[in-house]
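What the coordinates show
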Amino acid sequence: MEIKKLDLTYCERLAEIDKACMSVPYSVSMFQNELENNTCYLGAFCDGILVAYGGMWLVADEGQITNIVVMESHRRKGIGDKILKELEHYAKEEGATVLNLEVRESNQGAISLYEKNGFVRDGLRKNYYKSPTENAVLMSKIIR
Ligand SMILES: CC(C)(COP(=O)(O)OP(=O)(O)OC[C@H]1O[C@@H](n2cnc3c(N)ncnc32)[C@H](O)[C@@H]1OP(=O)(O)O)[C@@H](O)C(=O)NCCC(=O)NCCS
């Protein structure tokens, strides 16, 4: 498995991954908009195929992790964990001192992944998500 930074040429594959995995997937143009702005998208490749990604906004000294998505066929193999660690490494190199993220309250798998990597819960945003409506757990990690 190889992890590398993604550019605009991967937007169609990113949208495919989201369509397969997310209840409210990003479209190709949404990914294009993300990648044209101040974001870092890292992708995990298995046998040359993009099977997972992690996205992060960098604003001032904060990294906002937008999503980490691993194709179902490739889960529980450490890929999400590796992407998260690489995002943290990248954010540190860019001068960020804190990482923030939101996650669905019912998403125990993702919450475990973040807690295992030192993120702590620091708030709840009521009815933040749609389809289905659900609270967001706010999590952060100091990385300086
Ligand atoms: C959440 C997600 C990214 C995890 O990716 P993954 O590659 O399967 O995770 P890893 O194999 O690296 O797991 C690392 C740790 O996270 C936790 N974890 C991951 N999936 C879990 C699950 N389904 N149930 C419980 N714990 C889980 C475990 O602590 C795991 O360590 P372990 O395997 O030693 O027990 C993946 O399930 C996914 O893409 N889900 C759909 C999209 C999503 O919800 N993304 C998060 C949005 S904020």
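The structure this text deals with has already been given above.
Residues numbered from 1 in each chain as written. Predicted model: local features only at pLDDT ≥ 70, side-chain atom pairs only at ≥ 80, totals over all residues.

**What about the environment of I83?**
For I83, the location among the structural elements is in helix α3 (residues 79-93). The buried category is assigned to I83, around which 24 C-beta atoms lie within 10 Å. For I83 and I3, which are 80 residues apart along the polypeptide, the C-alpha to C-alpha distance reads 7.4 Å. Apart from the residues lying within four places of it in its own chain, the contact partners of I83 are I3, L42, A44, A52, G54 and I68. (Helix = DSSP H or I, 4+ residues; strand = E, 2+ residues; numbered from the N terminus. Buried ≥ 20, exposed ≤ 12 C-beta atoms within 10 Å, placed from the backbone. Contact = placed C-beta atoms within 7 Å.)

**What about the site of the ligand?**
Near the ligand there are 20 residues, and of these R75, G80, D81, G109 and L113 occur at the shortest range. Sorting the residues of the shell around the ligand by element identifies β4 (62-70), α3 and α4 (108-116) as the ones contributing at least two each. Counting residues per element, the shell around the ligand draws most heavily on α4, at 6 residues. (Near = placed C-beta within 6 Å.)

**Quick notes on the nonpolar core**
Where a protein is soluble and globular, its nonpolar side chains tend to be buried together. In terms of nonpolar packing, the biggest core is built from 31 residues, with L42, A52, Y53, I83 and L87 touching the most fellow members. Listed by contribution, the elements that provide at least two residues to this core are α1 (11-21), β2 (39-46), β3 (49-59), β4, α3, β5 (98-104) and β7 (134-142). The element contributing the most residues to this core is α3, with 5 residues. (Core = buried A, V, L, I, M, F, W, Y, C linked by C-beta atoms within 7 Å.)

**Quick look at unusual backbone geometry**
Each neighbour pair has its own omega, and for S131 with P132 the value is -5 degrees, a cis peptide bond. Checked against the element boundaries, P132 lands in the loop between β6 (120-129) and β7. Look at S131: it is not a glycine, yet its phi comes out positive at around 50 degrees. Relative to the elements of secondary structure, S131 occurs in the loop between β6 and β7.

All we've got here are geometric facts, nothing functional implied.
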